[in-house]
Structures are given as C-alpha cells and as structure tokens.
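A closer look at the structure
Chain by chain, the residues:
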Amino acid sequence: MEMEIQRKEFFCYRDGLRIRGVQYLPEGFDSRNTYPAVIVSHGFTGNYRSCEQFGASLAGAGWVTFCFSFCGGSAEADAEELKSDGSTVEATLFTQVEDLHTVMVCARQLEYVDEKRIVLLGISQGGFVSGMAAARYGDEVSKLIMIHPALCIPDHARRGRLGGAVYDPENVPEVIDCGRILLGRVFHDTVVEMDPFLELVGYKGPVLILQGTEDDVVDYSYALRARHEYAEGQCTLQLIRAMNHGLNESQFAGAMVSIRQFLSENEEVLAVRVIVTRSEETAEEGIPVTRVYFTGYCDGPLFRGVVEGEGCDRQEHCPDGSRRLRAEYTLAGMDAEGAFCRIHIVNQWGDGEWTPVITTDSRALEWMNESAFAAALEFCPGGLTVRIYGRNNTKIPDLHQREARNS
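Figured I'd write up the structure that's included with this text. (Residues numbered from 1 in each chain as written. Predicted model: local features only at pLDDT ≥ 70, side-chain atom pairs only at ≥ 80, totals over all residues. Heavy atoms only, no water.)

So, the pattern of salt bridges
Applying the stated criterion to the full structure yields 23 salt bridges. With its nearest N and O atoms 3.4 Å apart, the salt bridge here joins Asp-15 to Arg-14. Asp-15 sits in the exposed class, given a relative accessible area of 68%. In this structure, Glu-308 engages Arg-342 in a salt bridge whose closest nitrogen and oxygen atoms are separated by 2.9 Å. Linking Glu-308 in the loop between strand S13 (303-307) and strand S14 (311-317) with Arg-342 in strand S16 (residues 340-350), this pair joins segments that are 34 residues apart in sequence. Each of Glu-284, Arg-291, Arg-314, Glu-316 and Arg-324 takes part in a single network of salt bridges with overlapping partners. (Salt bridge = Lys/Arg side-chain N within 4 Å of Asp/Glu carboxyl O. Buried < 20%, exposed > 50% of the residue type's maximum accessible area, 1.4 Å probe, protein only. Helix = DSSP H or I, 4+ residues; strand = E, 2+ residues; numbered from the N terminus.)

As for the packing of aromatic side chains
Applying the stated criterion across every chain yields a total of eight aromatic pairs. Look at Phe-294 and Tyr-329: their rings are 5.3 Å apart centre to centre, the planes differ by 75°, and that puts the pair in the edge-to-face class. Placement of the pair is Phe-294 in strand S12 (residues 287-299) and Tyr-329 in strand S15 (residues 323-335), with a sequence separation of 35 residues. Like Phe-294, the residue Tyr-329 is buried in the burial classification. Ring-pair connections join several aromatic residues into one group, and the members of that group are Phe-29, Tyr-35 and Tyr-112. Lying over the aromatic face of Phe-11, Arg-18 brings its terminal NZ or CZ to 3.6 Å of the ring centre. (Phe/Tyr/Trp six-rings, centres within 6.5 Å; stacked < 30°, edge-to-face > 60°. Lys NZ or Arg CZ within 6 Å of the ring centre and 35° of its normal.)

Overview of the packing of helix H2 (residues 93-108) against helix H3 (residues 125-136)
Two elements in contact, H2 and H3, have axes separated by 9 Å at closest approach and are oriented at 70°. Comparing the axis directions of H2 and H3 gives the class roughly perpendicular. Relative to H3, H2 is oriented so that their crossing is right-handed. Taking contact as the criterion, the partners of Leu-93, Phe-94, Gln-96, Val-97 and Leu-100 in H2 are, on H3, Gln-125, Phe-128, Val-129, Ser-130, Met-132, Ala-133 and Arg-136. Grouping the amino acids of the contact of H2 with H3 by side-chain chemistry returns eight nonpolar, three polar and one charged. (Axes fitted to C-alpha atoms, helices over the stretch in contact; angles between N-to-C directions. Parallel < 35°, antiparallel > 145°, perpendicular 65-115°, else oblique. Left-handed = near helix turned anticlockwise from the far one by under 90°. Contact = heavy atoms within 4.5 Å. Nonpolar A, V, L, I, M, F, W, Y, C, P; charged D, E, K, R; others polar.)

Focus: the packing of helix H1 (residues 52-60) against helix H7 (residues 249-263)
One way to put it is that H1 packs onto H7 with a least axis distance of 11 Å and a crossing angle of 45°. By the angle between their axes, H1 is oblique relative to H7. Our pair here, H1 against H7, has a crossing hand that is right-handed. For the pair H1 and H7, the contacting residues are Gln-53, Phe-54, Ser-57, Leu-58 and Gly-60 in the first and Phe-252, Met-256, Ile-259, Arg-260 and Leu-263 in the second.

With respect to helix H6 (residues 220-229)
Within H6, burial applies to Tyr-222, Ala-223, Ala-226 and Arg-227. Buried residues of H6, viewed axially, fall in a sector of 135°; they line one side. Buried positions along H6 lie against helix H4 (153-158), strand S9 (207-212) and strand S10 (235-240). (Arc of directions from axis to C-beta.)

Quick notes on the sheet that holds S9
With respect to topology, eight strands assemble into an open sheet ordered S1-S2-S4-S3-S5-S6-S9-S10, the strand pairing being mixed. Every interior strand has two partners, whereas the edge strands, strand S1 (6-14) and S10, have only one. Shown here is a sheet whose adjacent strand axes are inclined to one another by a mean of 20°, direction ignored. Bridge analysis of strand S3 (residues 35-41) against strand S5 (residues 113-123) gives six bridges, and the strand direction is parallel. Its bridge partner being in S5, Val-38 is matched across the sheet by Val-119. (Pairing = 2+ DSSP bridges.)

See the structure below:
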C-alpha cells in the first residue's frame, strides 16, 4: 500500500533572495508532534525536484524532509517555478553554504521540527556544500550524509575544467560557459586554491559517505581521502560496486536502506560479496521456481570467511505476478576473537524489505542469535553485495575505521 506523503511548498530568504523548496511530511503528520528532519541539497545544475525521490523516501521513514533549489544553482532551461532567485554567475560554493544554512534556520523555527535532530544530506556538489555547512554550523547538525560528494571541484578549477567547461586557468573568463549553466569567474576564484578536505574536518558528528567505484565524475579516491581525514570512528564510507555518478533504481533502493539504518543508529555488522555460479528453472505444484546458486565471501571487522559450499536464492513466481524470495547460506571462517565459527543466514523478502535471520556458533557473536536485522542489496555484474545492519554488541578496536571491504 502506497504511503500518503504530504508535499508542501516553503520559502525563505537569504540576502533578499527567495529560496524555493518543498517539504515532504510523513504519513499521519500532525503539526502538534515533533519530528526529526533531513535537509537535502541537489547537485550541479539541479533543483528541488531532482531530490524528490529522497524527500518522499525519507518522509516514508518518518522524517520531515526539506528539498530546495540553490540561489543561482539551477540549469538555465529549468522552469522558473523550480528555481530560487539569484544569478548563476554570482553563485559560489560559499553562497550555497549560506543558502543551506538559511534553510536550516527556517527548519529549526518550525515547532514540529526537532532542532536537535537535523540531518544534512547532499548529492554531488550538494554533498560537498553539505559537508562545508556541517563544518561551519556543526552544533546545528546531528548527522551528515554525502552521496558521491564533488570534492573534485577545486582540482577541476585548477585544470580549467569546472562544470565540464574548458578554459585556461591562467586566463579565466569572466563568464564560464558550462553548457547548461553559466558560472562566474568568482566561482573559480573561490575554489582554485581550496583544500576540500580541510573544508570538511571541522564537523565532529557522524558521517556517512556513499560513493560509486565506477564514478566518472568524482573518482572514489576523493571519498577514501575524506574518510581518512575525519576523526577515527567518525565516518563510514560505503563504496558501491558498478555505481557511476548517480543511482539507478536498484542502487537507490539499496542506498535508502543504508541511509535509514545510519539514521536509526544501526551499524553494518556483515557485508557479504555474493558471486553467482549457476541457476536453474523448475516448477513446484505448477508454480515456476528459479534457484540461483552462489558462492562468496565476507571480510569485515566482526567476521572473515567464505560461503560454505553453495548458497541458494529461491525465487517463487506467484500467479498474481509477485515473487517470494528466500536466500539461504552458511559462512565459515573466523570471528573477531580469532575463533573458527559458522554463521547461517536466511534472508527473506517481505513487506518491501529484506529481513535476515542469523544463527551462529560463535561465542563472540552469539548476540546475533537474538537480534533483529535489516539488509541492503547492491547489485553489480556477476552478483551483488549484501549489507546486513543491526545493533552491534561486539566490542573490538577500530570497528568503524574499516576500509571499503566487500564493495
């Protein structure tokens, strides 16, 4: 059943410029109650409508969500009702930081917003801007989420390649023609000597970075460096195989599971790299059934091992067009204390989400036998990565400072 998410326009002003946006309100919204909030910042040449999928999904999880257009930050051809005021040739990353802070102040003034639970989520250039805003206004930001943040912008300026334009960085034109948008020289001048990582590290709260390994705009090395620049245990970096500079439908679904778990303060406890080996088609009582067999491995801080034998993903194709999905497999390897163990996983699809049930003979991980989990699936050629989230009760050093394993 589709949730009834309310959509409501809002306006606020920065230096006399009108900022346009939309609020997404959870099902059953009551202005007498208090809700956590997420403020979503769009990417280069975007507008508030380009963030609506995030707005609706986060509202579906109970968060009041604000999507807005940066002043002078939208494509020239966009409809006027989607744009905020301001000239594109006067916009910079720093004016956009102030646009975002203006929306933050607007949100905090609403009685139904919990001002202690305001999260910033930014996409591409909006991710970089969100990181900069969090560093400047950290006391007002409870968590930060950056999706393929465009930390490459200063390097692009140094090469004369801002926004896809080609120009001489030693002789910068007053107006930089990027095709869909005209930037002013001021944009170049304010970033050309910038160290992007120093712009981020002032923020001390929890950070989640989602980054594709096949991104042809922002190389994933920028995200790796950002993770290392934050304090130990502060930043979780999730590298997503085969993801370019954007999310397709399945990648968005997996990313939203990861984002919701981060917001719920659950941790990734296992990440299994699944490698498909074969499949077979059968019928049971006249119902078509597909069985997909796989191997794989897990290499994380709580457990390192391999899929024992073959796992099986059973897909039952029901007459009404729906499917019953159930994957079952056993991992064999070493737990965090170095003891050999097995972890048996049954992962079932129902009510729009994956729910793993785990049983293990590991003493260090025995808490898993009584715990509830959620899973995100990230598909890629030849298989997928299954990320399992829950309340981690294992105390080991450097739990959060993990490299991009199983990505």
